[in-house]
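Listed below are the residues making up each chain.
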Amino acid sequence: MSYRKLEIWQEAKGVVIDIHHMSLALPKFELFETGQQIRRSSKSVRSNIVEGYGRRYYKQEFVRFIIFALASNDETIDHLDTLFETGSLTDEIFYNRLKEKLEILGKKLNNFLEAVQKSHQSPK
């Protein structure tokens, strides 16, 4: 099995794409401030899922990278909130849809983490 088949990776990939496109439409001063930060944190979620999966034979490493993905997801939500609260992101429908996606992803990451912690087995 590949990490690409993980539902959490697929959802993280969709979020990265949404955030990338949204960030390019931000005011110019935000492109290199919060816009850059939100792009980085969202990509970090996806990358940490991949790196954790690559270390799946070692339970503590796997767990550690899923925790990093969770933390980056929380950071992404905070950056999204900041952009909306400061008026740099004005599309409330997009904001709410993206925030919901991130919150669902966070729950799925948490469930995945619990599953790994409870029943870790080395893949065959």
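A few points on the structure.

Reading guide: rules and limits
Numbering of residues starts from 1 in each chain and follows the order in which that chain's sequence is written. Residue-level local features of this predicted model are given only where pLDDT is at least 70; pairs of side-chain atoms are given and counted only at 80 or more, and the full residue set underlies all totals for whole chains, interfaces and linings. To obtain the side-chain values, all non-hydrogen atoms of the structure were included, while hydrogens and water were left out. Among buried residues, those of type Ala, Val, Leu, Ile, Met, Phe, Trp, Tyr and Cys that are joined through side-chain atoms within 4.5 Å constitute a nonpolar core. Whether a residue is buried, partly exposed or exposed follows from its accessible area with a 1.4 Å probe, protein chains only, as a fraction of its type maximum: under 20%, in between, or over 50%, in that order. Only DSSP runs of H or I covering at least 4 residues are called helices, and only runs of E covering at least 2 are called strands; the numbering of each starts at the N terminus. The contact criterion used is simple: two residues touch if any of their non-hydrogen atoms lie within 4.5 Å. How far a helix is expected to stretch is found by multiplying one less than its residue total by 1.5 Å. Pairs of N or O atoms are called polar contacts if they sit within 3.5 Å, as long as, within protein, a hydrogen donor faces a hydrogen acceptor (for residues adjacent in sequence, only side-chain-to-side-chain pairs). Note on patches: the residues involved have over 30% relative accessible area and no salt bridge, like charges join within 9 Å, and the nonpolar side chains Val, Leu, Ile, Met, Phe, Trp and Tyr join within 5 Å. In these tables, accessible area is a Shrake-Rupley quantity obtained with a 1.4 Å probe, and a residue counts as shielded only by the protein chains included in the view. Any carboxyl oxygen of Asp or Glu within 4 Å of a side-chain nitrogen of Lys or Arg constitutes a salt bridge here. Charge assignment in this entry is limited to Lys and Arg as positive and Asp and Glu as negative, and neither His nor the chain termini are counted. Here the site of a charge means NZ on Lys, CZ on Arg, CG on Asp, or CD on Glu. Note on definitions: angles span 0 to 180 degrees between N-to-C directions of axes, and those axes are lines fitted to C-alpha atoms, for helices only across the stretch in contact. Just so you know how the angles are binned, under 35 degrees is roughly parallel, over 145 roughly antiparallel, 65 to 115 roughly perpendicular, and the rest oblique. Crossings are assigned a handedness: left-handed for a near helix turned anticlockwise from the far helix by less than a right angle, right-handed for a clockwise turn. Think of it as three bins: nonpolar holds Ala, Val, Leu, Ile, Met, Phe, Trp, Tyr, Cys and Pro, charged holds Asp, Glu, Lys and Arg, and polar takes everything else, Gly as well.

1. Re the nonpolar core
Soluble globular proteins: nonpolar side chains tend toward being buried together. Core analysis: the biggest nonpolar cluster contains 16 residues, and Leu-6, Ile-8, Val-45, Ile-49, Leu-105 and Leu-109 have the highest contact counts within it. Mapped by element, the contributors of at least two residues to this core are α1 (7-24), α3 (34-54), α4 (59-85) and α5 (92-119). The element contributing the most residues to this core is α4, with five residues. Among all residues touching Ile-49, those that are not within four sequence positions of it are Leu-6, Ile-8, Trp-9, Ala-12, Ile-66, Ala-69 and Leu-109. Grouped together as the second largest cluster of nonpolar side chains are 13 residues, Ile-38, Leu-80, Leu-83 and Leu-98 included.

2. Quick word on α5
In a regular helix each residue adds 1.5 Å, so 28 residues correspond to 40 Å; α5 covers 40 Å between its end C-alpha atoms and thus fits that length. The opening residue of α5 is Asp-91, an N-cap whose side-chain oxygen sits 3.2 Å from the backbone nitrogen of Ile-93.

3. Some words on the environment of Glu-51
Within the secondary structure, Glu-51 is located in helix α3. According to the relative accessible area criterion, Glu-51 is partly exposed, its value standing at 34%. With 39 residues separating them in the primary sequence, Glu-51 and Ala-12 have C-alpha atoms 14 Å apart. In this structure the side chain of Glu-51 is engaged in a polar contact, spanning 2.9 Å, whose partner is the side chain of Arg-55.

4. A word on a negative patch on the surface
Negative charge collects at one region of the surface, where Asp-74, Glu-75, Asp-78 and Glu-85 lie side by side. Relative to the assigned elements, Asp-74 resides in helix α4.

5. Considering the pattern of salt bridges
Enumeration according to the criterion identifies eight salt bridges in this entry. Lys-108 is paired through a salt bridge with Glu-7; the nearest N and O atoms lie 2.4 Å apart. Of this pair, Lys-108 sits in helix α5 while Glu-7 is found in helix α1, placing the two residues 101 residues apart along the sequence. Classification of Lys-108 by relative accessible area gives partly exposed; the value is 26%. Overall, Glu-7 belongs to the partly exposed group, its relative accessible area being 46%. For Glu-51, the salt bridge identified is with Arg-55, shortest N-O distance 2.9 Å. Overlapping salt bridges, with partners in common, bring together Glu-51, Arg-55, Glu-61 and Arg-64 in one network.

6. Observations concerning the packing of α4 against α5
Relative placement of two packed helices is described by the angle separating their axes and the distance separating the axes. At a closest axis distance of 10 Å, the pairing of α4 and α5 adopts a crossing angle of 165°. The angle between α4 and α5 places the two elements in the roughly antiparallel class. Here the hand of the crossing between α4 and α5 comes out left-handed. Across the contact of α4 with α5, the residue classes tally to 17 nonpolar, five polar and five charged.

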